[in-house]
Amino acid sequence: MNRCLSLATRRTALALAGAGLCALTSLAQAQNAPRNFPASALRGTLVVTQPPVISMDGKAAQLSPGARIKGPDNLLVLSSAIVGKELLVNYTVEPHGMVHDVWILTEAEAAEKRKRAGQ
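Residues numbered from 1 in each chain as written. Predicted model: local features only at pLDDT ≥ 70, side-chain atom pairs only at ≥ 80, totals over all residues. Heavy atoms only, no water.

Undergrad: Kindly report on the packing of aromatic side chains, identifying the contributing residues and their values.
TA: According to the stated counting rule, one finds one aromatic pair in the structure shown. Arranged with centres 5.4 Å apart and planes meeting at 70°, the rings of phenylalanine 37 and tryptophan 103 form a pair that is edge-to-face. Here phenylalanine 37, found in the loop between α1 (7–31) and β1 (42–50), pairs with tryptophan 103, found in strand β5 (residues 99–104); they are 66 residues apart in sequence, far enough to count as distant. You can call phenylalanine 37 buried: its relative accessible area is 13%. When its relative accessible area of 10% is taken as the criterion, tryptophan 103 is described as buried. (Phe/Tyr/Trp six-rings, centres within 6.5 Å; stacked < 30°, edge-to-face > 60°. Helix = DSSP H or I, 4+ residues; strand = E, 2+ residues; numbered from the N terminus. Buried < 20%, exposed > 50% of the residue type's maximum accessible area, 1.4 Å probe, protein only.)

Below is the structure:
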């Protein structure tokens, strides 16, 4: 059994490792890109009381089944991790009136003007 790697095998391994590093670098850069919110997204203040029950701008609401909450870094946040916290968010509502997509805003995103529910 030959345990030595041939020169071609070593080059292939190095090329694959380099490609993997490039992919990770581009993924990290993509996280710093500005987020594009849907035109239908509204601005509000979210408080998770007892998942899936929430308060949006002081009014009772509910997260839809499969709702997604994304943090300022655009990674998913579990609703149970933010119970009781008052957060400025952009959100969308699904056809049955439940909150479906939520984005916790960065300071720069919060400075942008956006329509609130009922306006």
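Undergrad: Account for the side chain of arginine 35, naming residues and giving values.
TA: Along the chain, arginine 35 falls in the loop between α1 and β1. Side-chain polar atoms of arginine 35 contact the backbone oxygen of glycine 71, separated by 2.9 Å. Among the polar contacts made by the side chain of arginine 35, one reaches the main-chain carbonyl oxygen of isoleucine 104 at a distance of 2.7 Å. (Polar contact = N/O pair within 3.5 Å; in protein donor to acceptor, adjacent residues only side chain to side chain.)

Undergrad: Would you mind going over the pattern of salt bridges in detail, with residue names and values included?
TA: In the structure shown here, the tally under the stated rule is three salt bridges. Between arginine 35 and glutamate 109 there is a salt bridge whose closest N-O contact spans 2.6 Å. Separated by 74 residues along the polypeptide, arginine 35 in the loop between α1 and β1 and glutamate 109 in helix α2 (residues 107–111) bring together distant segments of the chain. Exposure remark for arginine 35: the relative accessible area of 13% places this residue in the buried category. For the salt bridge of aspartate 57 with arginine 116, the shortest nitrogen-to-oxygen distance reads 3.0 Å. Here aspartate 57, found in the loop between β2 (53–56) and β3 (59–70), pairs with arginine 116, found in the segment after α2; they are 59 residues apart in sequence, far enough to count as distant. The partly exposed category is assigned to aspartate 57, whose relative accessible area is 31%. Take arginine 116: its relative accessible area is 28%, and that puts it in the partly exposed class. (Salt bridge = Lys/Arg side-chain N within 4 Å of Asp/Glu carboxyl O.)

So far we have only geometry, and geometry alone does not tell us how the molecule works.
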